[in-house]
Amino acid sequence: MRWEVLNNDVSKPEAHTRARLSVTALRGHALPAQGWSLYFNIAYGVVTGPLDGNLMIEQVGGGMYRVRPTTGFKGLKAGSTLHVDYDYTGLLIKMERAPAGPYLVYDATPDVGHAVSDYQIVLPTRATQLQRPQDRHALVTPQDTYRRNAQAALLPAAALPPVFPTPLALKMGAGRVQLVRAPQVISGPGLKYETAFARALFARYLPQGDTSHAPLPLRLRIGAVDAQQSPEAYELSISGDDGINITGNTAAGVARGLQSLHDLLPLPSPGATQIELQELEVIDAPRFAYRGFQLDVARNFQPKEVVLKTLDLMATYKLNKLHFHITDDEGWRLEIPGLPELTSIGAVRGHSAKAGVRLPPAYGSGPRADDPHGSGYYTRADYIEILRYAAARHIEVIPEIEMPGHARAAVKAMEARYHRMQAAGESGAAQYLLSDFNDRSVYRSPQEYNDHVINPGLESSYAFIDHVVGEIAALHREAGAPLKTMHVGGDELPHGAWEKSPLAQALMQREKLAGVADLWDYFYHRVDGIVRKHGMYASGWEELGARRSTQEGAQQLPNPRFTQRGFSLYVWNNTPGNEDFAYRLANAGYDIVLAPVTNMYLDMAANGNPEEPGVNWGAYLELDTVYGFKPLGAQLTEAGRQHIRGLEATLFSETIRNSAQLDYLMMPRLLALAERAWAPDPAWAQAVDSTQAAALQRSAWSGFVNTLGQRVLPRLDLERGDVAYRIAPPGLLLEGGKVLVNHVLPGLTLRYTTDGSTPTARSKPVTGPIAAKGSISAAAFDRTGRAGLVARIVNR
């Protein structure tokens, strides 16, 4: 099977895309005239109905579609190809809307899905395929990239900021300290992990056993850091007379100081027998107490090892909150005692002809129930291991249980539980039921679901929430990392939900609720009570603190009913009309974590070019888009500023089918979040004069990208080598008959060819302007020899 865009039609106000699936019957395997269906996932926006050639395209549910023959279809001979042409509403820009996970089902064996393993998405290259408005979706050329990269120049190593993220205060000394053996680590109480980390840090570089030189002391202790209140504040000093000293307000501060010491070490070099450290003094503390990353393992599952690797990266760059998105419509990823269906059904995706057996395939997971990313969950032991691993690195894990929307996995699992127990004659079948079987509400979520909402009219809904919250809280206590808060969702409840549910209507009458907005408030009043009962405060998406509007698309307003509840709101929506909503919520008294889609959603593609993975419904995010975010808007009152807790980078996993894709979208953009969340408010963000601000920002940006390209990412390559971060294509520009080449990360090795072939690690290095004629192809390479995206230009 092959898929391609036929054309993008921008000639009418309602621009749309026509696409083609080309299905070839293998030799010896003709496709009959009737009795089969071809299933696949598409994110959204397919025009369903009859197709040319006596075919039909239908939406099965959510993002699941199928093509089947109708009367008059003649079948497909073995070795022949069938072209299935169909339309999208709106223009298809990113390949995330291409069919994914295709499989064939025959009517004679309806429970068996045959995966189409030979499937290729053909990227658009022709002008008719690439037509689009010349707005934010415009194609990015190598020349565009060159001009954007030219904001920064290659800096000498001595000019690089020595610590990342930028510290609060750093004073360089005059001398250097030479080490020929590992320092002697001397630590106070409560620093078990930090002591082990310090010893392992120097073991990479220096021997432990040489007694010909007295070891330099490395002292770790907990004590007051001058004028700094943050528990993560630290002092770091290096001197020939007194050795290395790190003092933190808490163990977390000592850990952050050790990461800065790590940053000061030279890059690993084979055969090195000694290292030199610059004498210096650092006093440092984070700008924001909350510096988070949201990892979504519900849409596509990631194994425990990937979570642990993510925690290591977070600790390295001084991030301290893992927002763990473990439930959604397409998956429930945590074992909950007493509710086995949550994982036996809610954590399993695959084809089934019968309802209630498992969740349907989604996001390309295909027909097999053992697909490692469609199916999977963390056992209690797995989760406890993750919690302890995070706690050792002073990272707080905040689990998210989506409700009342984005809850299809839970809703369907509890329906299956109900039917199983009813059929067996067991009591308590409805104890945790989440849906009203007589609900006739008409709605559709952004993910195309109409059966995924927890119903507030059932007392069993609150029993379910109480049970789940209690069990997760118990897991955290067992791990020695008690929960302070739980994220209870709140986003994207579709308009129309609950409106025709008899049980919801009965509740509204009993409680004298005027409409769905009041029912929403009632639901979260109850949820907040449950969370508080278990010793926590409630966190959620911004809708948790918004007064629900009866009109779709209306500007959101702060809800005055919950301002005194201590809710912590994660605000993603800064789309047109809601640009200042986070600040209005903060001014109203809500605590805020800023996670704006136009700056911090790492599932967004870097740009609109077809080869760049990711989605684009909210924005495109290049590295400088994240770096350039100004957290504190002018609309904030002085009281409102005190309610801004910090920043979070969010990564939903619709397009992530393996850890390499996760790495690509996460890094290095996560480093820009780390800088913006830890470093002091930069001078360029405070400058009133726009010309001065631009000059200051250009200078700071140059230091940032040079630090990444020359030190941070090379260290990651040489010490880990398992992070497949995005290596952007070089910029190319013709000038004076020569090709100029640059890169967003100065310091990466650039290589090129002159015959149009893809550069390899053996291709010529770029050492200056390229005078050669021909089809010039260039790419950047990391320290392991891994190549990035290729840029091409013709020099005639």
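Above: the structure in question.
Residues numbered from 1 in each chain as written. Predicted model: local features only at pLDDT ≥ 70, side-chain atom pairs only at ≥ 80, totals over all residues. Heavy atoms only, no water.

K.L.:
It is not clear to me how helix α2 (residues 142-149) should be interpreted in this structure. Could you clarify?
P.N.:
The α-helix winds at 3.6 residues per turn, so residues separated by three or four positions along the chain end up facing the same way. For α2, the full list of buried residues reads Thr145, Tyr146 and Asn149. Here the buried residues of α2 occupy an arc of 105° about the axis, which is enough to place them on one side. Elements in contact with the buried residues of α2: β29 (731-735) and β30 (738-742). (Buried < 20%, exposed > 50% of the residue type's maximum accessible area, 1.4 Å probe, protein only. Helix = DSSP H or I, 4+ residues; strand = E, 2+ residues; numbered from the N terminus. Arc of directions from axis to C-beta. Contact = heavy atoms within 4.5 Å.)

K.L.:
Would you take a moment to explain the sheet that holds strand β2 (residues 16-24) for this structure?
P.N.:
Sheet strands line up and pair through hydrogen bonds in the backbone, either parallel or antiparallel. Taken in spatial order, the 4 strands make up an open sheet running β7-β2-β1-β10, and their pairing is mixed. Looking at which strands have only one partner, the edges of the open sheet turn out to be β7 (81-89) and β10 (120-121). The pairing of β2 with β7 spans 8 bridges and is classified as antiparallel. Across the sheet, residue serine 22 finds its bridge partner in β7, namely histidine 83. (Pairing = 2+ DSSP bridges.)

K.L.:
Teacher, can you tell me more about the pattern of salt bridges here?
P.N.:
A side chain of one charge can pair with a side chain of the opposite charge if their charged atoms are brought near each other. Overall, the coordinates contain 48 salt bridges when judged by the stated rule. Residue glutamate 4 is joined to arginine 126 by a salt bridge in which the shortest nitrogen-to-oxygen separation is 4.0 Å. Taken together, the residues span a long stretch of sequence, with glutamate 4 in strand β1 (residues 2-9) and arginine 126 in the loop between β10 and α1 (127-130) at a distance of 122 residues. Residue aspartate 782 is joined to arginine 786 by a salt bridge in which the shortest nitrogen-to-oxygen separation is 3.2 Å. Taking the relative accessible area as the measure of exposure, aspartate 782 reaches 8% and is therefore buried. Taken together, the shared-partner salt bridges in this structure form one network comprising Asp296, Arg299, Asp328, Glu330 and Glu654. (Salt bridge = Lys/Arg side-chain N within 4 Å of Asp/Glu carboxyl O.)

K.L.:
I would appreciate a short explanation of the sheet that holds strand β33 (residues 774-781) in the present structure.
P.N.:
Spatially, the 4 strands line up as an open sheet ordered β32-β31-β33-β34, and their pairing is antiparallel. This sheet does not close on itself; its edge strands, each paired only once, are β32 (764-765) and β34 (791-795). Of the pairings in the sheet, the one linking strand β31 (residues 749-753) to β32 comprises 2 bridges and is antiparallel in character. Paired with tyrosine 752 across the bridge in β32 is lysine 764.

K.L.:
Mind showing me how you'd approach the packing of aromatic side chains here?
P.N.:
Geometry of an aromatic ring pair is reported as the spacing of the ring centres plus the angle between the planes. Within this structure, the stated rule accounts for 27 aromatic pairs. Aromatic pair tyrosine 39 and tyrosine 103: ring centres 5.3 Å apart, planes at 10°, arrangement stacked. Residue tyrosine 39 is located in strand β3 (residues 36-41), and its partner tyrosine 103 is located in strand β8 (residues 100-106); the two are separated by 64 residues in the primary sequence. Look at tyrosine 290 and tyrosine 570: their rings are 5.7 Å apart centre to centre, the planes differ by 85°, and that puts the pair in the edge-to-face class. (Phe/Tyr/Trp six-rings, centres within 6.5 Å; stacked < 30°, edge-to-face > 60°.)

K.L.:
Looking at this model, I keep getting lost on unusual backbone geometry. Mind explaining?
P.N.:
Across residues other than glycine, the phi torsion is negative in most instances, and most of the peptide bonds are trans. That bond from phenylalanine 164 to proline 165 is cis: its omega, -10°, falls within 30 degrees of zero. Topologically, proline 165 is positioned in the loop between α2 and β11 (169-179). A cis amide bond, omega -15°, links methionine 403 with the succeeding residue proline 404. For proline 404, the position within the fold is in the loop between β21 (396-400) and α8 (408-423). The phi dihedral of lysine 318 is positive, around 65°, even though this residue is not glycine. Looking at the secondary structure, you find lysine 318 in the loop between α5 (304-316) and β18 (321-325).

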